[in-house]
Amino acid sequence: MMILLLIMLFTGCKTSTINNNVEGNKEMKLYIDNEYVEVNWENNSSVEELKTLLPIEISLSKYGGFEQVGPIGKRITSSDKNMTTKPGDIVLYNSSNMVLFYGSNNWSYTKLGHMNLTNSELNELLGNKDVTIKIILE
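**Comments concerning the nonpolar core**
With 27 residues, the main nonpolar core has Leu 30, Ile 32, Met 98, Leu 100, Met 115, Ile 133 and Ile 135 as its most contacted residues. Excluding anything up to four places from it in sequence, Ile 133 contacts Leu 30, Tyr 31, Ile 32, Ile 56, Glu 57, Ile 58, Leu 60, Met 98 and Leu 100. Judged by nonpolar contacts, the second largest core, of 6 residues, contains Val 91, Val 99, Phe 101 and Tyr 109.

**Topic: the pattern of salt bridges**
Inspection of every chain in the model, using the stated rule, returns 4 salt bridges. Between Asp 33 and Lys 129 there is a salt bridge, and its shortest N-O distance comes to 2.5 Å. Residue Asp 33 is found in the loop between β1 (28-32) and β2 (35-37), and its partner Lys 129 is found in the loop between α3 (119-126) and β10 (131-137); the two are separated by 96 residues along the sequence. Among the salt bridges present, the one from Asp 89 reaches Lys 111, with a minimum N-O distance of 3.4 Å. With Asp 89 in strand β7 (residues 89-93) and Lys 111 in strand β9 (residues 106-115), the pair connects residues that are 22 residues apart, well separated along the chain. Since its relative accessible area comes to 4%, Asp 89 is described here as buried. Taking the relative accessible area as the measure of exposure, Lys 111 reaches 25% and is therefore partly exposed.

**A closer look at unusual backbone geometry**
Following Leu 54, the chain continues into Pro 55 via a peptide bond in cis, with omega recorded as 0°. Tracing the sequence through the fold places Pro 55 in the loop between α2 (45-51) and β4 (56-63). One non-glycine residue, Ser 95, lies in the positive phi region at around 65°. Mapped onto the elements of the fold, Ser 95 is located in the loop between β7 and β8 (97-101).

The rules behind the values
- Residues numbered from 1 in each chain as written.
- Predicted model: local features only at pLDDT ≥ 70, side-chain atom pairs only at ≥ 80, totals over all residues.
- Heavy atoms only, no water.
- Core = buried A, V, L, I, M, F, W, Y, C linked by side-chain atoms within 4.5 Å.
- Buried < 20%, exposed > 50% of the residue type's maximum accessible area, 1.4 Å probe, protein only.
- Contact = heavy atoms within 4.5 Å.
- Salt bridge = Lys/Arg side-chain N within 4 Å of Asp/Glu carboxyl O.
- Helix = DSSP H or I, 4+ residues; strand = E, 2+ residues; numbered from the N terminus.

What follows is the structure in structure tokens.
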């Protein structure tokens, strides 16, 4: 009986470890109006905390002719620094809003990532209308 319990315990631990490793290999993926966009995500505590909220869908609105902004729905860790954003940057604003840039701005943000798109692709995706983004683990 004791041997059977030890085998069950050992097998259970092994399965748990494998599942954790599979979960850890998933990547964050961004979709803008259902179109996949490759992103280089930052390695910081804000991105790690954002991962705990996934999957997430955020309605963004055009603002200022250079960005789309929308509420995450929760405040997350931030380490704001004054920066000049570039087209393609994804930032956290005020610890609770995600901003996607198709232009530039100078303000205090926490950088989350950068979309790998050309300026014309960014303008086409973000510059004409409000959008919905989805961030998932895949």
